[in-house]
Amino acid sequence: MSAATAASAAGVRSDAQISPRAHLRHTGALVRRNLLWIRQDPESMFDAVLFPVVFTLLFVFVFGGSIGQALGGGQEAYVQYIVPGLMAMMGMNMAQGVGTGFNQDFHTGVMDRFRSLPIGRGSVLFAKISVELVRMLIATSILLVVGVLVGFDITNWPGLFAAVGLSTVFGSALMWIFLTLGVVMKNAQSVQAMGFLVLMPLQFGSSIFAPTQSMPGWLQNFTEYNPLSALADSARGLMVGGPVAHDLWMVLAWSVGITAVMAPVAIHKFRTKT
């Protein structure tokens, strides 16, 4: 039996025989490994740190005056509108990072190393998702700090935490899509390109940046079923007041549906490739 075959067989046996407690221990060790890698490569945090700052300042000071007037209040009204919307966008952008990072692990030999170790394969996936959730929460925290600095008024702290939790739930569901792309695409650039093609229409064809009433009818129909619109509107309702129930249930339904469909696909593709 060749070394590669023996390693693969060992991986299959270990994945079947490892206890849930051992899986948790392995996941924790891999989370620590990923966090140590971030500490050694701080540039990998640039997107989580800079995206919230750049997007908040850009939209508030470039579009805040004109769109704010349409909202009936000026730039101050737009700040209250855009910050919850950007929270929805942060979850989507951070979810893309899990796909590119996963793809790079395959091409730099990291997965070959994991394949030779007696660890559960599921631990690799869940550790990657856990670290990306940490990055997502960091990006969201920076977004809220910048939002407060430009005038965002937090009046409902329980609603704020509920909105962050809802964004995290939806972002974790999206990660299964990008994990699948990270496995099946040839390189990280392909994952980024595919993510861009998917993310841009969803982001700008939603209520994240501006109200949808002035959009053409066909686009309004698209935004009505766009999960990002539901996430942005439910975050606004939780944080600054307004209707919540319909949009909240829609976000949860999308999250459950995406996870139910894409998690088995991502796990199957990962097992097949490893």
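Check the entry above for the structure.
Keep in mind that what you see is a predicted model, and the values were worked out from it rather than measured.

Moving on, we come to the overall build of the chain. In terms of regular secondary structure, the chain is built from 11 helices and zero strands. The N-to-C order of helical and strand elements in the chain reads α-α-α-α-α-α-α-α-α-α-α. For the chain, the C-alpha radius of gyration of 20 Å lies close to 19 Å, the compact-globule estimate for 274 residues. Across its three principal directions, the C-alpha atoms of the chain cover 75 × 40 × 35 Å. Considering the chain as a whole, with its 274 residues, one finds that 49% of them fall into the buried category. Accessible surface for the chain amounts to roughly 13,300 Å². Of this, 68% is attributable to carbon and sulfur atoms. Computing the positive centroid from 16 side-chain charges and the negative centroid from 12, the chain places the two 18 Å apart.

Attention now goes to the layout of surface pockets. Estimates place the volume of the largest pocket at around 740 Å³. As for the largest pocket, its lining consists of 28 residues, and the residues nearest its centre are Asp 47, Gly 97, Thr 100, Arg 135 and Gln 192. Of all the elements in the fold, those that place two or more residues in the lining of the largest pocket are helix 2 (20–40), helix 3 (46–71), helix 4 (75–107), helix 6 (121–149) and helix 8 (188–204). Element by element, the count of residues in the lining of the largest pocket is highest for helix 4, at seven residues. Taken together, the residues of the lining of the largest pocket sort by class into 10 nonpolar, 11 polar and seven charged. The space that makes up the second largest pocket amounts to roughly 420 Å³. What lines the second largest pocket is a set of 20 residues, and nearest its centre among them are Ser 207, Thr 212, Ser 229, Asp 233 and Asp 247. Sorting the residues of the lining of the second largest pocket by element identifies helix 9 (217–225), helix 10 (227–240) and helix 11 (245–273) as the ones contributing at least two each. The leading source of residues in the lining of the second largest pocket is helix 10, at five residues.

With that settled, consider the packing of aromatic side chains. In the structure shown here, the tally under the stated rule is eight aromatic pairs. Arranged with centres 4.5 Å apart and planes meeting at 10°, the rings of Phe 59 and Phe 209 form a pair that is stacked. Taken together, the residues Phe 59 in helix 3 and Phe 209 in the loop between helix 8 and helix 9 connect sequence positions 150 residues apart. Of the two residues examined, Phe 59 and Phe 209, each falls in the buried class. Ring centres 6.2 Å apart and planes at 35° place the aromatic pair Trp 157 and Phe 161 in the tilted group. Placement of the pair is Trp 157 and Phe 161 together in helix 7 (residues 157–184), with a separation of four residues, close to one helical turn. By relative accessible area, Trp 157 is classed as partly exposed at 49%. In textbook terms, an aromatic cluster arises when at least three aromatic residues are bridged by ring pairs, as seen for Phe 51, Phe 55, Phe 59, Phe 63, Phe 204 and Phe 209. Positioned above the aromatic ring of Tyr 81, the side-chain terminus of Arg 236 is 3.6 Å from the ring centre.

Calculation rules
Residues numbered from 1 in each chain as written. Predicted model: local features only at pLDDT ≥ 70, side-chain atom pairs only at ≥ 80, totals over all residues. Heavy atoms only, no water. Helix = DSSP H or I, 4+ residues; strand = E, 2+ residues; numbered from the N terminus. Rg over C-alpha atoms; globule rule 2.2 N^0.38 Å. Buried < 20%, exposed > 50% of the residue type's maximum accessible area, 1.4 Å probe, protein only. Areas by Shrake-Rupley, 256 points an atom, 1.4 Å probe, with all protein chains shown as cover. Lys, Arg positive; Asp, Glu negative; His and termini not counted. Charge placed at Lys NZ, Arg CZ, Asp CG, Glu CD. 1 Å grid on protein atoms, 1.4 Å probe; cavity = no way out; pocket = protein on both sides within 12 Å on 5 of 7 lines; lining within 4 Å. Points joined across faces, edges and corners; volume = space filled by probe spheres on them. Nonpolar A, V, L, I, M, F, W, Y, C, P; charged D, E, K, R; others polar. Phe/Tyr/Trp six-rings, centres within 6.5 Å; stacked < 30°, edge-to-face > 60°. Lys NZ or Arg CZ within 6 Å of the ring centre and 35° of its normal.

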